[in-house]
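For reference, the chains in residue letters:
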Amino acid sequence: MLGHWPLRIANNRAVGVVLCLLLLALGVGLPNAAAAITEWALVNPMLAQRTASSLTRYYTEVKPQKTWVRYIARNSGRSEFRLRSVSTANDTLGELISLRLGQFRISSTTELRVALGDDLYAALLLSRNDPMAVQEALFIGDQFTHDDWLSNSTGILSLDRLDYRVTPSLGLFVGLGAPESNQSWWNDGSLRSGVASPEWEFAILAPLASGGSAVGPLRERRVAPGWGAAGMVRLQNFTGRARFTGLSDAALNATQTIASPYVHSLSLQGTFGFPFETPLGAMRLSAGAGYEEYAQVCSDQNNQVVQGERVRRFSPVGDLDWVLPNEDLRFSIGVADLSLRGSFTARLTNSFYFQVRAVSNNTLRKPEPFEHPFTLFLTPIIKW
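Keep in mind it's a predicted model, so treat the numbers as computed, not measured.

Visitor: I would appreciate a short explanation of the overall build of the protein chain in the present structure.
Guide: Broken down by element type, the protein chain carries six helices and 20 strands. Classification of the 384 residues of the protein chain by burial places 50% in the buried group. Expressed as a percentage of contacts within the protein chain between residues at least 6 apart in sequence, the contacts between residues at least 24 apart total 57%. Surface summary for the protein chain: the accessible area is close to 18,200 Å², and the carbon and sulfur share equals 61%.

Quick look at the structure:
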């Protein structure tokens, strides 16, 4: 009877975590952060006609591009213009940050002002208040990661995640690993399948990959996959995350390169973000705390799955993200789970990025048997 007690505790904790995730998801209707992104369709036909005329003139006389002139002429009558604006508590009028017509897009406020002229620019900005316009609130996303709700991408693909945007504010995704806890796909082979929005994310975890061999800078997997759930919620500048993996035969059946299998049993994080502009580019400081737990998976004399030792760590969580003024490079450095981490992402084109993520587990502490002293993960990111 006592041999099953750790497993019952784990199952009870699983129920508690899932309930917490569902409660967090109920907060999606709360206000967004101080800077709010709004998207809407231009419903006024006169404004749409003026917009098409201004864009045609701009790409004929100011910035000649015959391809866009033909595209606008062919599609302005049968497709809708979609606009995005950003506003803050101190600037409720805000400014336009994007205009889209099918595959055509302008994502520069400066270029929009030049192409449209001051009067039309102001009229389009106010068109979101049209009684027939349906506004959608979007989170200010990060264009260098899968958390990108600013671009007009339908899909985002990297080696460890695929996102498909069903609508501008709702998407489906599948992913591997737990990068927020320093576990990339090559370290933790648990599959995530779920639903995401700018304000929340919820996914089911399933075992997919384990063991494996080292390939270049990618070390062999040492964390066993499992069944569980994961979620995230944003409430203004606060971001909360939770992830649970239960004990199951999947961990015992996984190919292991160490003596005993360990699962990433529990992860809790809460951080506050503080974005600010500098002459060197946009920066965002995130600070908070986190709890990471890894559980050893064993079998008792009746071949029932039971929990062995647990490795628990409380840690500050902090990251400094820096995007250069030309928005072609992004750097990040921080700490989580008492490990140093950093990333570098380069935008090579509007559709192709390349990212490098590194984690040092032996700088601030001694690595556990299921951890490598240093890990490196590289992946392209493709948007379409």
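Visitor: Looking at this model, I keep getting lost on the packing of helix 4 (residues 109-116) against helix 5 (residues 118-126). Mind explaining?
Guide: Packed helices, taken two at a time, are described by the angle between their axes plus the distance between the axes. Two numbers describe how helix 4 lies on helix 5: the axes approach to 6 Å, and their chain directions differ by 120°. In terms of orientation, helix 4 and helix 5 fall into the oblique class. Here helix 4 runs over helix 5; the crossing is right-handed. Contacts between helix 4 and helix 5 involve Thr-109, Leu-112, Arg-113 and Leu-116 from the first element and Asp-118, Leu-120, Tyr-121 and Leu-124 from the second. The class makeup of the residues in the contact of helix 4 with helix 5 is five nonpolar, one polar and two charged.

Visitor: How should the nonpolar core be read in this particular structure?
Guide: The tendency in soluble globular proteins is for nonpolar side chains to be buried as a group. Counting 26 residues, the largest nonpolar core has Leu-55, Phe-81, Leu-96, Leu-99, Phe-104, Leu-116 and Leu-124 as its most contacted members. When residues in this core are grouped by element, the largest group, six residues, is from helix 2 (residues 45-62). If near-sequence neighbours (up to four positions away) are discounted, Leu-96 is found in contact with Trp-40, Leu-83, Arg-84, Ser-85, Thr-109, Leu-112, Leu-116, Tyr-121, Leu-124 and Leu-125. Of all hydrophobic cores here, the second largest spans seven residues; its members include Ala-251, Ala-295, Val-297 and Val-305.

Visitor: Would you mind showing me how to read the side chain of Arg-357 here?
Guide: Relative to the helices and strands, Arg-357 resides in strand 19 (residues 352-360). Looking at Arg-357, the relative accessible area reads 19%, which means it is buried. Apart from the residues within four sequence positions on either side, Arg-357 is in contact with Asp-160, Pro-179, Ser-184, Gly-342, Ser-343, Thr-375, Leu-376 and Phe-377.

Visitor: Can you walk me through the pattern of salt bridges in this structure?
Guide: When their charged atoms lie close together, side chains carrying opposite charge are able to pair. For the structure on display, the rule yields 24 salt bridges. Residue Asp-148 pairs with Lys-383 through a salt bridge whose shortest N-O separation is 2.5 Å. Of the two residues, Asp-148 is situated in the loop between strand 5 (136-138) and strand 6 (155-158) and Lys-383 in strand 20 (residues 374-383); the sequence distance between them amounts to 235 residues. Residue class for Asp-148 comes out buried when judged on its relative accessible area of 2%. For the salt bridge of Asp-188 with Arg-243, the shortest nitrogen-to-oxygen distance reads 3.1 Å. A residue pair is termed long-range when its members are at least 10 positions apart, and Asp-188 in the loop between strand 8 (170-176) and strand 9 (190-196) and Arg-243 in strand 13 (residues 238-245) qualify at 55 residues. A single network of salt bridges, built from pairs that share partners, joins Glu-39, Glu-80, Arg-82, Arg-84 and Glu-136.

Visitor: Please explain the side chain of Thr-51 as it appears in this structure.
Guide: Take Thr-51: it is sitting in helix 2. Within the structure, Thr-51 has its side chain in polar contact with the backbone oxygen of Leu-47 (distance 2.7 Å). When near neighbours in sequence (up to four residues on either side) are disregarded, Thr-51 contacts Leu-42, Phe-81, Leu-99, Leu-116, Leu-120 and Leu-124.

Visitor: Which parts of the structure should I look at to understand the confidence of the model for the protein chain?
Guide: Any region with low pLDDT has predicted coordinates that should not be read closely. Averaged over every residue, the pLDDT of the protein chain is 85; residues scoring 70 or more account for 88%. Note on residues 1-12: pLDDT is under 50 here. Beyond four places in sequence and across chains, it has ten contacts. Note that residues 14-34 has pLDDT below 50 and, in this model, 25 contacts with residues that lie over four places away or in other chains.

Visitor: Just checking my understanding: could you explain the packing of helix 2 against helix 4 for this structure?
Guide: Relative orientation of the contacting elements helix 2 and helix 4 amounts to 100°, with a least axis distance of 8 Å. Considering the angle they form, helix 2 stands roughly perpendicular to helix 4. Contacts between helix 2 and helix 4 pair Thr-51, Ser-54, Leu-55, Tyr-58 and Tyr-59 from the former with Glu-111, Val-114, Ala-115 and Leu-116 from the latter.

Rules behind the numbers
- Residues numbered from 1 in each chain as written.
- Predicted model: local features only at pLDDT ≥ 70, side-chain atom pairs only at ≥ 80, totals over all residues.
- Heavy atoms only, no water.
- Helix = DSSP H or I, 4+ residues; strand = E, 2+ residues; numbered from the N terminus.
- Buried < 20%, exposed > 50% of the residue type's maximum accessible area, 1.4 Å probe, protein only.
- Contact = heavy atoms within 4.5 Å.
- Areas by Shrake-Rupley, 256 points an atom, 1.4 Å probe, with all protein chains shown as cover.
- Axes fitted to C-alpha atoms, helices over the stretch in contact; angles between N-to-C directions.
- Parallel < 35°, antiparallel > 145°, perpendicular 65-115°, else oblique.
- Left-handed = near helix turned anticlockwise from the far one by under 90°.
- Nonpolar A, V, L, I, M, F, W, Y, C, P; charged D, E, K, R; others polar.
- Core = buried A, V, L, I, M, F, W, Y, C linked by side-chain atoms within 4.5 Å.
- Salt bridge = Lys/Arg side-chain N within 4 Å of Asp/Glu carboxyl O.
- Polar contact = N/O pair within 3.5 Å; in protein donor to acceptor, adjacent residues only side chain to side chain.
- pLDDT = per-residue confidence, 0-100.

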